[in-house]
Amino acid sequence: MTDTADMPRPRASILDIAPYMPGESEIAGANRVFKLASNESPLGPSPAAIEAFRAAAQELTQYPDGTAHGLRAAIAERHGLNPDNIVCGNGSDELLTLLAQAFLEPGEEAIHTEHGFLIYPVAIRAAGGVPVVAREENLTASMDNILACVGPRTKLVYLANPNNPTGTYLPFNELKRLQQALPAHVLLVIDAAYAEYVEQPDYEAGIELVGSSSNVVMTRTFSKAYGMAGLRIGWMYAPRHVIDVINRIRGPFNVNVAALAAGAAAMRDQAHLRRAVAHNSRWRDWLHEQLAALGLEVTPSVANFLLIHFPDTPGKTAQEADAYLKRHGLILRRVAGYGFPNALRVSIGPEEANRLLVDALREFLS
Ligand SMILES: *Cc1c(COP(=O)(O)O)cnc(C)c1O
């Protein structure tokens, strides 16, 4: 063994990071497996996006357009935005990480909520920052609790709306109240990865708030409703001064040729997106109802997943349910790392998987 004192050592804060654990995707021995662990779309991408991806195979020799001009134009057109206020990323994870690197000096604080997305503390610590956790109320972010965490060293607030893994959301008036109460030098990052799914009239993804202030940004993704998690495409809508900062530190070719082409094609196929959203609403509500009828507590969700809480009774816990479902070819997500040791998160799947899940859980609980 080498003396560790002689080995290259990273910054101390890096070793405090708990590695992000992706959802599982394989079960040894099972022949038919439904992966419902990573909130991927059962409809997959738009056929137009697949075609654009294939065509991009002819263009692999050259570097991609580092400005992502075509993709930004497609996004801007769809959402009625100025393309100069958009920057694209290799997944929205990249943008969330770059924001921490850009705005946190070592030792400065960034706030996230109690059951917030686990990428935030990773991004904060990787930048040498200090994560500060705001308690939630009823498994929902609380504006007052976030504001109570703001101190002289606070620089960033990460807020997933809707949140993963709870599926709960905050209405526009609450976000507006948060923005108005935050000091102007604190950047509010609204992670709207699931915005496309939300049909509540009091929800606003962040476009209005970004447009009317200088300390709010919104991140979005092609990984969820657009069904393209494998290609890694995210984007951010932000004031020009934030866009300028991210453009200085991102990789000059951070979005690849295939992603640029397929992303623009997907954005232009809104009919496909509407089908994905309609499928989700229908089966999410059905699944919630069915699981509740089995006596399980389910957190009301506006996104493409449900958080299912299990009884404490030995034999009926989340861990045992997880093992049982795996034997039936259903992979759900353990969420102990999110503060839910006795719950599982399930992504809304194809009809067959949703029905299989209800049948399997009925058996499991009986
Ligand atoms: C899935 C997810 C993302 C998306 O990440 P990508 O890097 O764009 O795939 C972002 N935020 C939350 C809360 C998510 O659940």
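Above this text you will find the structure in question.
Thresholds, definitions, all that
Residues numbered from 1 in each chain as written. Predicted model: local features only at pLDDT ≥ 70, side-chain atom pairs only at ≥ 80, totals over all residues. Heavy atoms only, no water. Pairing = 2+ DSSP bridges. Helix = DSSP H or I, 4+ residues; strand = E, 2+ residues; numbered from the N terminus. Axes fitted to C-alpha atoms, helices over the stretch in contact; angles between N-to-C directions. Contact = heavy atoms within 4.5 Å. Near = heavy atom within 4 Å. Polar contact = N/O pair within 3.5 Å; in protein donor to acceptor, adjacent residues only side chain to side chain. Areas by Shrake-Rupley, 256 points an atom, 1.4 Å probe, with all protein chains shown as cover. Nonpolar A, V, L, I, M, F, W, Y, C, P; charged D, E, K, R; others polar. Phe/Tyr/Trp six-rings, centres within 6.5 Å; stacked < 30°, edge-to-face > 60°. Buried < 20%, exposed > 50% of the residue type's maximum accessible area, 1.4 Å probe, protein only. Lys NZ or Arg CZ within 6 Å of the ring centre and 35° of its normal. Core = buried A, V, L, I, M, F, W, Y, C linked by side-chain atoms within 4.5 Å. Domains from an automatic or database assignment.

Whenever I open this one, the sheet that holds strand β13 (residues 340-347) confuses me. Can you help?
Within a sheet, neighbouring strands are paired by backbone hydrogen bonds and run either parallel or antiparallel to one another. Taken together, four strands build an open sheet; the order of strands is β9-β10-β13-β12 and the sheet is antiparallel. If you trace the sheet from one side to the other, it starts and ends with β9 (297-299) and β12 (333-335), each paired once. Between one strand and the next, the sheet's axes are offset by a mean angle of 35°, whatever the strand orientation. Of the pairings in the sheet, the one linking strand β10 (residues 305-309) to β13 comprises five bridges and is antiparallel in character. If you follow F305 over to β13, its bridge partner there is S347. Across the face of the sheet, helix α11 (residues 318-327) comes into contact with β12 and β13 while running at roughly 35° to β13.

Honestly, the site of the ligand in this entry has me stumped. Any pointers?
Lining the immediate surroundings of the ligand are G91, S92, D93, F117, N164, D191, A193, Y194, T221, S223, K224 and R232. A distance of 3.0 Å is found between an oxygen atom of the ligand and a backbone nitrogen or oxygen belonging to D93. Interatomic distance of 2.6 Å between a side-chain N/O atom of D191 and a nitrogen atom of the ligand. Taken by itself the ligand offers 390 Å² of open surface, and the protein chains cover 94% of this. Of the residues contributing to the shell around the ligand, the split by class is three nonpolar, five polar and four charged.

Help me understand the packing of aromatic side chains, please; the structure alone is not making it clear to me.
A complete count under the given rule lists nine aromatic pairs for this structure. Between Y169 and Y203, the aromatic rings sit 6.1 Å apart at their centres with planes inclined by 70°, giving edge-to-face as the arrangement. Residue Y169 is located in the loop between β5 (154-160) and α6 (172-181), and its partner Y203 is located in the loop between β6 (187-191) and α7 (207-211); the two are separated by 34 residues in the primary sequence. Of the two residues, Y169 and Y203, neither departs from the other in class, the shared state being buried. Considering the side-chain rings of W283 and W286, the 5.0 Å spacing of their centres and the 70° angle between planes classify their relative orientation as edge-to-face. In this pair, W283 and W286 are both assigned in helix α10 (residues 270-293), three residues apart and thus about one turn of the helix distant. Pairwise contacts between aromatic rings join F117, Y120 and Y158 into one cluster. The ring of F364 is capped by K316, whose NZ or CZ atom sits 5.7 Å from the centre of that ring. For the cation-ring pair, R345 lies above F305, with the distance from its terminal atom to the ring centre recorded as 5.8 Å.

Before we go on, may I ask you to explain the nonpolar core in this structure?
It is characteristic of soluble globular proteins that their nonpolar side chains tend to be buried jointly. Membership of the largest hydrophobic core comes to 61 residues, with the highest contact counts inside it found for L159, L188, F222, M228 and W235. Per element, the largest residue contribution to this core is eight residues, and it comes from helix α9 (residues 257-268). Both domains that meet at this core, namely domain 1 (9-38 + 271-365) and domain 2 (47-269), each give it at least three residues. If near-sequence neighbours (up to four positions away) are discounted, W235 is found in contact with I75, H79, L81, I86, V87, C88, L95, M218, T219, R220, F222 and M267.

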